Amino acid sequence: MRIVVLAGGIGGARFLRGLKSAVPDADITVIGNTGDDIHLFGLKVCPDLDTVMYTLGGGIHEEQGWGRAGETFAVKEELAAYGVGPEWFGLGDRDFATHIVRTQMISAGYPLSAVTEALCDRWQPGVRLLPMTDDRVETHVLVDDPDGPPKGDAEGGGRKAIHFQEYWVRLRASLTAHAIVPVGAEQSKPAPGVLEAIAAADVILFPPSNPVVSIGTILAVPGIREAIADAGVPVVGLSPIVGGAPVRGMADKVLAAVGVEATADAVALHYGSGLLDGWLVDTVDTAAVPAVEEAGIRCRAVPLMMTDVDAAARMAAEALALAEEVRA
Ligand code: FO1
């Protein structure tokens with residue numbers, strides 16, 4: 001069975017680990033979000049691609065869900081000793097090697113998709129990991145400028161766009177996000193293999209990744225949303241919101257920026273029945289099922305907490321079962 005999964009960071013990676021366990025013989029292609037990418041110290045860092053690669057390749061720092069296990073931070077300390085920032089983004093020594101190899105290959109003219117394939121040769125994640133695009137896309141967040149003139153001031157209300165990672169990591173999403181802008185997405189095109197994988201898929205899954213800055217960013221690459229809508233195979237998603245709150249991360253902050261309530265049904269309706277055929281909500285959100293079904297999206301309430309690989313495997317099996325129900 002050929003499965004295509006749109007994945008962001010931690011939630012997507014943990015779901016993929018369960019999916020591999022549930023259907024070990026499946027041919028899984030992951031379309032990874034690259035809007036979180038950031039250039040630091042002259043290096044290109046791809047957080048969501050690396051989280052999938054490390055998690056499925058066995059190198060992830062399990063509690064964090066990002067970065068390497070067994071890290072040291074000598075390079076980070078030395079950079080700080082030189083007064084070279086930023087210090088708020090924790091890059092470890094082992095992780096630096098990934099960014100050095102990636103940046104070296106990109107400087108040599110390789111596209112990000114070829115670089116990702118080369119890095120995965122070492123990690124053997126057991127899936128085909130494709131960046132959503134080889135073009136540069138970086139998500140920025142429009143916030144009230146904490147250092148600017150007071151809001152409503154003649155200088156235009158004091159708002160500024162900051163890089164997603166600064167918003168997410170340095171500011172911990174503590175400022176109101178007025179808009180989420182995937183800079184460069186409009187000019188980007190799907191990476192080689194992306195549209196082909198979607199066209200060849202037997203089922204397409206939206207894991208419990210951030211619907212705005214992860215899956216939303218992938219769908220912002222021209223051609224991808226249309227290819228999924230026209231694929232003619234079941235598209236099934238799993239809610240990242242349980243009981244009115246994100247399971248992890250701060251998805252509610254960015255959902256508010258796009259005017260979507262942080263509820264299991266609101267996220268399904270945000271994707272829409274033009275995209276989704278099926279939607280899994282957690283058992284605590286059983287009351288949300290009718291609203292999703294009324295929107296023309298088949299909906300089931302099942303346990304959605306990925307407490308371990310087996311729990312994630314059960315969720316993946318439920319999603320595949322719902323896909324077969326929808327296909328019938
Ligand atoms: N997240 C944090 O909360 N703090 C960090 O210092 C941090 C460093 C970091 C380094 C490399 C990397 O690949 C990811 C890192 N992340 C960190 C996580 C990152 O912000 C998120 O994984 C995604 O961008 C959101 O899914």
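Here the structure is a predicted model, which is why all the values come from computation and not from measurement. (Residues numbered from 1 in each chain as written. Predicted model: local features only at pLDDT ≥ 70, side-chain atom pairs only at ≥ 80, totals over all residues. Heavy atoms only, no water.)

J.: Looking at this model, I keep getting lost on the pairing of strand 6 (residues 138-144). Mind explaining?
T.: Note on strand geometry: in a regular strand, side chains alternate between the two faces of the sheet. Counted residue by residue, strand 6 has six buried out of seven residues, so it is predominantly covered. Bridge analysis of strand 6 against strand 8 (residues 177-183) gives six bridges, and the strand direction is antiparallel. Across the sheet, His-140 pairs through a bridge with Val-181, a residue of strand 8. Pairing of strand 6 with strand 7 (residues 159-163), which is carried by five bridges, proceeds in the antiparallel orientation. Opposite His-140, over in strand 7, you have His-163 as the bridge partner. (Buried < 20%, exposed > 50% of the residue type's maximum accessible area, 1.4 Å probe, protein only. Helix = DSSP H or I, 4+ residues; strand = E, 2+ residues; numbered from the N terminus. Pairing = 2+ DSSP bridges.)

J.: Where do I start with the pairing of strand 14 (residues 298-301) in this structure?
T.: Judged from the four bridges that link them, strand 13 (residues 278-281) and strand 14 form a sheet pairing that is parallel. Note that in strand 14 the partner of Val-281 across the bridge is Ala-301. Handedness of the crossover joining strand 13 and strand 14 through helix 12 (residues 289-294) is recorded here as right-handed. (Right-handed = clockwise from strand over helix to strand, strands pointing away.)

J.: Could you clarify how one ought to interpret helix 2 (residues 47-57) in this entry?
T.: Three- or four-residue spacings in an α-helix give side chains the same orientation, since the helix completes a turn every 3.6 residues. Most of helix 2 sits out of view: 10 of its 11 residues are buried. Of the positions making up helix 2, those classed as buried are Pro-47, Asp-48, Leu-49, Asp-50, Thr-51, Val-52, Met-53, Tyr-54, Thr-55 and Leu-56. Backbone geometry just after helix 2 places Gly-58 at a positive phi near 85 degrees.

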